[in-house]
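One letter stands for each residue in the lines below.
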Amino acid sequence: MPDHKKGDSAVKLWLVFSLLWFPLFTSVGFILAIKFFDPNFLTGENALTFGRLRPSHVNGVLFGFVSSALIGAMLYELPRLCRAPLFNPRLARLAAALWNGAVLAGILLMITGATQGRERANVLHQPPRTRGTLSGRFTGSPSRPASSSPSPEFLLPPLGHASPPRIPPFPH
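Since the structure is predicted, the reported quantities are computational estimates derived from the model, not experimental observations. (Residues numbered from 1 in each chain as written. Predicted model: local features only at pLDDT ≥ 70, side-chain atom pairs only at ≥ 80, totals over all residues. Heavy atoms only, no water.)

A.B. asks: Break down the nonpolar core for me, citing the residues and quoting the values.
C.D. replies: Across soluble globular proteins, you tend to see nonpolar side chains buried next to one another. Ala 10, Val 11, Trp 14, Leu 75, Ala 92 and Ala 96 form the largest nonpolar core, which has 6 residues in total. Taken together, the elements giving at least two residues each to this core come down to helix H1 (5–37) and helix H3 (89–112). Ranked by residues supplied to this core, first place goes to H1 with 3 residues. Once residues lying within four places of it in the same chain are set aside, the contact partners of Ala 10 are Leu 86, Pro 89, Ala 92 and Arg 93. By size, the runner-up hydrophobic cluster in this structure holds 5 residues, among which are Trp 21, Phe 25, Val 103 and Met 110. (Core = buried A, V, L, I, M, F, W, Y, C linked by side-chain atoms within 4.5 Å. Buried < 20%, exposed > 50% of the residue type's maximum accessible area, 1.4 Å probe, protein only. Helix = DSSP H or I, 4+ residues; strand = E, 2+ residues; numbered from the N terminus. Contact = heavy atoms within 4.5 Å.)

A.B. asks: Can you break down the packing of helix H2 (residues 50–82) against H3 residue by residue, with the values?
C.D. replies: Running from N to C, H2 and H3 point in directions that differ by 170°, and their axes come no closer than 8 Å. Relative to H3, H2 is oriented roughly antiparallel. Residues Arg 52, Pro 55, Ser 56, Asn 59, Gly 60, Phe 63, Gly 64, Ser 67, Ser 68 and Leu 75 of H2 pack against Ala 92, Trp 99, Asn 100, Val 103, Ile 107, Met 110, Ile 111 and Thr 112 of H3. When its residues are assigned to classes, the contact of H2 with H3 shows 9 nonpolar, 8 polar and 1 charged. (Axes fitted to C-alpha atoms, helices over the stretch in contact; angles between N-to-C directions. Parallel < 35°, antiparallel > 145°, perpendicular 65-115°, else oblique. Nonpolar A, V, L, I, M, F, W, Y, C, P; charged D, E, K, R; others polar.)

A.B. asks: Explain the packing of aromatic side chains to me, using residue names and the numbers behind them.
C.D. replies: Evaluation of the coordinates by the stated rule reveals 4 aromatic pairs. Where Trp 21 meets Phe 25, the ring centres are 5.2 Å apart and the plane angle is 25°; that geometry is what we call stacked. Here Trp 21 and its partner Phe 25 are both found in helix H1, 4 residues apart, which amounts to about one turn of the helix. You can call Phe 25 buried: its relative accessible area is 2%. (Phe/Tyr/Trp six-rings, centres within 6.5 Å; stacked < 30°, edge-to-face > 60°.)

A.B. asks: Describe H2, listing the residues and the values that go with them.
C.D. replies: With 33 residues, H2 extends 46 Å from end C-alpha to end C-alpha; this agrees with the ideal 48 Å at 1.5 Å per step. Where H2 bends most, at Ser 67, the angle is about 35°. Positioned one or two residues after H2, Arg 83 has a phi angle of 55°, which is positive. (Expected span 1.5 Å × (residues − 1). Bend = angle between axes of the 7 residues up to and from the residue.)

A.B. asks: Break down unusual backbone geometry for me, with residues and values.
C.D. replies: Of note, Leu 42 is a non-glycine position whose phi angle comes to about 55°, a positive value. Positive phi values are uncommon outside glycine, yet Arg 83 reaches one of about 55°. Along the polypeptide, Arg 83 turns up in the loop between H2 and H3.

A.B. asks: Describe the side chain of Asn 100, listing the residues and the values that go with them.
C.D. replies: For Asn 100, the position within the fold is in helix H3. Side-chain polar atoms of Asn 100 contact the backbone oxygen of Ala 96, separated by 2.8 Å. When sequence neighbours within four positions are dropped, the list of residues in contact with Asn 100 reads Trp 14, Phe 17, Trp 21, Gly 64 and Ser 68. (Polar contact = N/O pair within 3.5 Å; in protein donor to acceptor, adjacent residues only side chain to side chain.)

A.B. asks: Provide a residue-level description of H3, including the pertinent values.
C.D. replies: Along its 24 residues, H3 runs 35 Å from first to last C-alpha, staying within 8% of the 34 Å computed at 1.5 Å per residue. Among the residues making up H3, those that are buried are Pro 89, Ala 92, Ala 96, Asn 100, Val 103, Gly 106, Ile 107 and Met 110. Taken together, the buried residues of H3 touch H1 and H2.

Take a look at the structure:
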């Protein structure tokens, strides 16, 4: 049997981060539950409004608590199922620190209002387009007008407008 002690340090770090996020975002969820019954609860600050707390709660629970716990569980179970030690425990610990640092940065950005106004996947923020960058390809340059690049919403089919797939009749 391989020794899993080095890999278990990475597992513990992932699970500790998950356990640190749990009470924080559970408290945010409790504040949101109070706001359902009393919308004027904690309205002195913009950061404590429902529109900023709700996405930070949803993304924090999903990316902070649940994902960290699942990754920690995966790093615990897979080496034991495969009977091989974790390839690089140091890299797994670095990934835990970077992942949870990004979660913290994303939650702080959501609370300060730097969001796209979505409930989920709100951490992904598209930077503003400026003139003359990327050789003027999408944003335009003084010698060439800006081309209209399709937005991500344009690339997806509209919801509710797709026709159902055609199912051929069953041959008898």
